[in-house]
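What follows is each chain in one-letter form.
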Amino acid sequence: MKAVISVTGKDNVGIIAGVSAICADKGANILDITQSVLSEYFAMIMLADIDGLTIPFSEFVDLLERYGESRALQIHTMHEDIFNTMHHI
Amino acid sequence: MLNTADILETINMIRQENLDIRTITMGISLFDCVSEDENRLCEKIYDKITKKAEYLVRTGENIEKEYGVPIVNKRVSVTPVSLIGGAHGKDAYIRIARTLDRAADTLGINFIGGFSALVDKGFTDSATQLIAAIPEALSSTGKVCSSVNVATTKAGINMDAIRLMGRTIKETAYLTRDNDSLGCAKLVVFANVPQDNPFMAGAFHGVGEPECVINVGVSGPGVVSSAIQRAGDCDLSALADVIKKTAFKITRVGQLVASEAARRLDVPFGIVDLSLAPTPAIGDSVARILENMGLERCGAHGTTAALAMLNDAVKKGGVMASSHVGGLSGAFIPVSEDEGMIDAVANGALTIEKLEAMTAVCSVGLDMIAIPGDTPEAVISGIIADEISIGVANTKTTAVRVIPAYGKKEGDTVSFGGLLGYAPVIRLNPYSPERFISRGGRIPAPIHSLKN
């Protein structure tokens with residue numbers, strides 16, 4: 001099972017490092033990252049394999065969201081199927 | 001492979017444009033609860049509902065978390081209660097309503113539907129007793145919803161039932177007078193009622209349904225509205241395409257949630273209801289879609305045409321996105337639950353006559369409309385008869401959910417709270433249909449050739 005982690009907010013040092021550290025710590029294997037910065041606005045989309053998660057997925061979602069709040073970022077973690085069903089026939 | 005624009009579009013729909021799943025409704029058959037012993041009947045109803053739907057709320061919350069899409073309501077619908085309480089009288093029906101309410105509290109759901117009777121051709125004794133119990137049942141419970149089907153295209157219109165419902169609505173309004181006659185917000189009168197509707201207050205678990213089933217109602221007026229805004233000054237063919245594509249995406253989410261909920265609860269998937277269900281929140285309004293299509297105000301001349309096109313495009317887009325479609329499927333136009341409708345009524349742009357015309361081309365009917373508290377029973381029956389006739393003549397579902405708000409007059413505001421919203425009391429035609437309504441009897445089923 002794969003999850004899409006989207007991170008948006010004001011750019012600052014260590015965003016990717018912070019999110020990746022949580023993924024590594026909880027057993028989420030990062031498969032792909034797209035990231036851009038548009039006039040100080042940071043946007044990253046990460047695809048991660050979550051089969052090896054060491055905590056329940058819902059806790060992982062909350063953990064990333066709380067981390068985002070602590071750094072003034074918006075982090076949404078969602079099952080990839082919602083994107084697949086909506087955009088692929 | 002997913003692309004970034006698609007991912008951002010989905011996130012934007014959910015976070016900015018209020019895309020949500022309006023309801024996961026579990027339909028539960030109560031036929032095996034029938035008993036001659038009133039206590040036993042209530043006990044079996046409570047046990048069956050709380051057992052079958054034990055994990056409904058938790059499963060809904062888990063899906064919400066995993067997929068990141070809000071699931072606003074988790075609800076239960078049951079077999080029309082008049083079909084299982086035939087051995088008992090009015091007082092037993094009131095007890096059953098309280099039992100349903102208690103089960104809803106235990107489950108943590110916000111509404112339970114099915115305190116219903118089907119009287120399109122005539123009354124069984126059981127249906128008569130249930131209808132007599134409605135005012136007290138709705139005033140002494142918080143979560144029970146009631147509906148009565150008074151007509152079908154095949155059977156015609158039961159005018160005795162319509163006369164009776166005029167009185168029942170007034171009594172319910174009186175008994176819940178301390179809460180702006182809130183009881184009437186939980187009572188719907190139908191023509192051609194669907195058997196698999198997941199939306200309240202009209203949901204019940206039809207007789208042809210399986211033992212237990214999961215039906216899902218989607219939403220997303222805000223998403224359609226934004227898509228229309230982005231489309232700019234295109235012509236209506238292009239606009240219909242934009243609506244179709246958006247409806248497809250919305251419905252796909254509904255299909256995903258429905259099949260996932262059905263799988264996890266080990267219950268068959270029933271239908272997805274292709275609906276545009278508004279809320280009183282800003283940016284979640286069907287009226288604003290119509291205005292974005294180019295009307296100065298919802299209710300202006302042209303509103304019916306715009307709504308007809310919107311409704312049709314939503315169905316065309318949605319139908320391919322789901323394996324089974326059903327329920328009410330279409331754009332809803334409840335006044336108190338739609339910020340733009342409330343505004344249009346308050347401004348005098350939208351009248352009850354225009355709302356009636358709009359219901360001829362969309363789902364569902366005259367919905368959540370506050371009318372003066374002193375409206376005579378016969379006038380309420382007249383409103384019902386008009387609306388039901390539209391459904392019967394056009395072979396579609398129509399319904400009436402009006403609230404004669406006790407002590408309120410035209411121009412006052414009535415507030416129901418939460419998703420039920422608030423509404424200005426609308427102006428009614430002052431002339432009386434009394435003699436017509438008091439004739440009673442049945443309006444014969446309409447002919448379906450010689451169409452004009």
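Residues numbered from 1 in each chain as written. Chains lettered and ligands numbered in written order. Predicted model: local features only at pLDDT ≥ 70, side-chain atom pairs only at ≥ 80, totals over all residues.

**Thoughts on the sheet that holds strand E4 (residues 73–79) of chain A**
The following threshold applies: For two strands to count as paired, DSSP must find a minimum of two bridges between them. The helix and strand labels rest on DSSP assignments: H or I over at least four residues marks a helix, E over at least two residues marks a strand, and numbering proceeds from the N terminus. An axis is simply a line fitted to the C-alpha atoms; with a helix, the fit covers only the stretch in contact. Between two such axes, the angle follows the N-to-C directions and lies from 0 to 180 degrees. For every residue pair, C-beta atoms are placed from the backbone, and the pair is scored as a contact if these atoms sit within 7 Å.
Read from one edge of the open sheet, four strands run E2-E3-E1-E4 (chain A), paired in antiparallel fashion. Only two strands of the sheet have a single partner each, and these edge strands are strand E2 (29–38) and E4 of chain A. Each strand axis lies, on average, 10 degrees off the axis of its neighbour in the sheet, ignoring direction. Where E2 of chain A and strand E3 (residues 41–49) of chain A come together, nine bridges link them in antiparallel fashion. Bridge pairing links Ser36 of chain A to Ala43 of chain A in E3 of chain A. Running at roughly 165 degrees to E4 of chain A, helix H2 (residues 57–70) of chain A makes contact with strand E1 (2–10) and E4 of chain A of the sheet. Relative to E1 of chain A, helix H1 (residues 4–15) of chain B is tilted by about 75 degrees, and along the sheet it contacts E1, E2, E3 and E4 of chain A.

**Re the interface of chain A and chain B**
Bring the parts together and some accessible area is lost; that lost area is often taken as the interface size. What counts here: Classes in brief: Ala, Val, Leu, Ile, Met, Phe, Trp, Tyr, Cys and Pro nonpolar; Asp, Glu, Lys and Arg charged; the others, Gly included, polar.
On the side of chain B, 17 residues touch chain A, which itself brings 17 residues to the contact. The set of elements that each furnish at least two residues to the side of chain A that touches chain B consists of E1, H2, E4 and helix H3 (81–87) of chain A. Of the residues belonging to the side of chain A that touches chain B, the class tally is eight nonpolar, seven polar and two charged.

**Examining the confidence of the model for chain A**
Filter applied, for reference: For every residue, the pLDDT score states the predictor's confidence, bounded by 0 at the bottom and 100 at the top.
When the pLDDT values of chain A are averaged, the result is 91; 100% of them are 70 or greater. Mean pLDDT across the secondary structure elements of chain A bottoms out at E2 of chain A, with 89, and peaks at helix H1 (residues 15–26) of chain A, with 94.

**What to know about the nonpolar core**
Residues and elements named next belong to chain B. The test is simple: One nonpolar core equals one set of buried Ala, Val, Leu, Ile, Met, Phe, Trp, Tyr and Cys residues connected by C-beta atoms within 7 Å. Buried residues are those with 20 or more other C-beta atoms within 10 Å of their own C-beta, exposed residues have 12 or fewer, and partly exposed residues lie in between; C-beta atoms are placed from the backbone.
Ranked by size, the top nonpolar core spans 176 residues in total, and within it Val150, Ile214 and Val257 carry the most contacts. Among the elements that line this core, the one with the most residues is helix H8 (residues 236–265), at eleven residues. Every residue in contact with Val257, bar those within four places of it in the chain, is listed here: Ile21, Ile24, Ile63, Tyr67, Val69, Ile71 and Val216.

**Re the environment of Thr279 of chain B**
All names here are of chain B. Tracing the chain through its elements places Thr279 in the loop between strand E9 (275–276) and helix H9 (286–293). C-beta crowding within 10 Å serves as the criterion here: with 23 such atoms nearby, Thr279 is assigned to the buried category. Distance from Thr279 to Lys143, taken between C-alpha atoms, is 19 Å for residues 136 residues apart in sequence. Non-local contacts of Thr279, meaning those with residues more than four positions away in its chain, are made with Asp284, Glu337 and Leu419.

**Things to note about the packing of helix H10 (residues 303–319) of chain B against helix H12 (residues 352–359) of chain B**
All names here are of chain B. Rule in force here: Relative orientations are named as follows: roughly parallel for angles under 35 degrees, roughly antiparallel for angles over 145 degrees, roughly perpendicular for angles from 65 to 115 degrees, and oblique for any other angle. By convention, the crossing between two helices is left-handed when the near helix turns anticlockwise from the far helix through less than a right angle, and right-handed when the turn is clockwise.
As a packed pair, H10 and H12 sit with axes 9 Å apart at the nearest point and diverge in direction by 30 degrees. Considering the angle they form, H10 stands roughly parallel to H12. Like other packed secondary-structure pairs, H10 and H12 cross with a definite hand, here right-handed. Residues Thr303, Thr304 and Leu307 of H10 form the contact with H12, whose own contacting residues are Lys354, Ala357 and Met358. When its residues are assigned to classes, the contact of H10 with H12 shows three nonpolar, two polar and one charged.

**Observations concerning the pairing of E4 of chain A**
All names here are of chain A. Of all seven residues in E4, six are buried, a share of seventy percent or more. Here E1 pairs with E4 via seven bridges, running antiparallel. Note that in E4 the partner of Ser6 across the bridge is His76.

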